[in-house]
Amino acid sequence: MQLTKEQRIFIVVNFLDSNSIQHVQELFEERLPERNSSSKVTIWKNVRKYKTEGTSLNLNKGRSGRKSTERAPENVEIVHQALLANPDISSRKNGLSKSKSTFNRIVKLELKWHPYKMHTGTIRFYKALQQQDGNSYATNSKVQRATFMPTDEQDARTHKV
């Protein structure tokens, strides 16, 4: 069972006062009879951590676990440039040697873009507008296509369809 913050402080303070692991164990048993006595190793590790890092608290929060390498800023920029060049890029066949899940994670979490599918009705709507106005709207003869669009205003200004 993990020690609480107060128990860690108690161990460190009493060890620094007495410089004896056995004395700390005895005091710990007196103060907390419902809990088993801390082992010599536990006491020594808490004291050593306090001496080296200035605290005996858990510092692994935020720096434990596997490091994210695929969502590095360089890879995010590569995916961003590829999407600016071609917003119809496929997440499976992205041509960037990135897996589908990595590509989608970068697009969704880092770039904050979202994919959408242009369905048949939407394509017909764009073609009808094009015939009425004479403007060239981004159309495609495919029945469905996935396009990535930015979600915030800054990317929307730089995104050209």
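Just so we're clear, the structure is a prediction, and the values are computed from it rather than from any experiment. (Residues numbered from 1 in each chain as written. Predicted model: local features only at pLDDT ≥ 70, side-chain atom pairs only at ≥ 80, totals over all residues. Heavy atoms only, no water.)

**Remarks on the layout of surface pockets**
By volume, the second largest pocket is sized at about 160 Å³. Lining of the second largest pocket is provided by Arg66, Lys67, Ser68, Thr69, Glu70, Arg71, Thr102 and Arg105. (1 Å grid on protein atoms, 1.4 Å probe; cavity = no way out; pocket = protein on both sides within 12 Å on 5 of 7 lines; lining within 4 Å. Points joined across faces, edges and corners; volume = space filled by probe spheres on them.)

**Some thoughts on the nonpolar core**
Looking at soluble globular proteins, one finds that nonpolar side chains tend to be buried together. One finds Val76, Val79, Ala82, Leu83, Ile89, Leu96, Phe103, Ile106, Val107, Leu111 and Trp113 forming the largest nonpolar core, which totals eleven residues. Going through the elements one at a time, helix 4 (73-85) and helix 5 (100-110) are the ones with two or more residues in this core. With four residues, the single largest contributor to this core is helix 4. Residues in contact with Val76, not counting those within four places in the same chain, are Arg71, Ile106, Glu110 and Leu111. (Core = buried A, V, L, I, M, F, W, Y, C linked by side-chain atoms within 4.5 Å. Buried < 20%, exposed > 50% of the residue type's maximum accessible area, 1.4 Å probe, protein only. Helix = DSSP H or I, 4+ residues; strand = E, 2+ residues; numbered from the N terminus. Contact = heavy atoms within 4.5 Å.)

**Thoughts on the side chain of Asn14**
Among the structural elements, Asn14 can be located in helix 1 (residues 5-18). Once residues lying within four places of it in the same chain are set aside, the contact partners of Asn14 are Asn19, Val24 and Leu27.

**Section: the pattern of salt bridges**
With the rule as written, the count across this model stands at two salt bridges. Here Lys98 makes a salt bridge to Glu70, at a shortest N to O gap of 3.7 Å. With a gap of 28 residues between them, Lys98 in the loop between helix 4 and helix 5 and Glu70 in the loop between helix 3 (40-53) and helix 4 connect regions that are remote in the sequence. Since its relative accessible area comes to 14%, Lys98 is described here as buried. Glu110 is the salt-bridge partner of Arg71, the closest N and O atoms lying 2.8 Å from each other. (Salt bridge = Lys/Arg side-chain N within 4 Å of Asp/Glu carboxyl O.)

**Side note on the confidence of the model for the protein chain**
The pLDDT averaged across the protein chain works out to 77; a share of 73% of its residues lies at or above 70. Across residues 139-145, confidence stays below pLDDT 50; counting only partners more than four residues off in sequence or on other chains, it has 20 contacts. (pLDDT = per-residue confidence, 0-100.)

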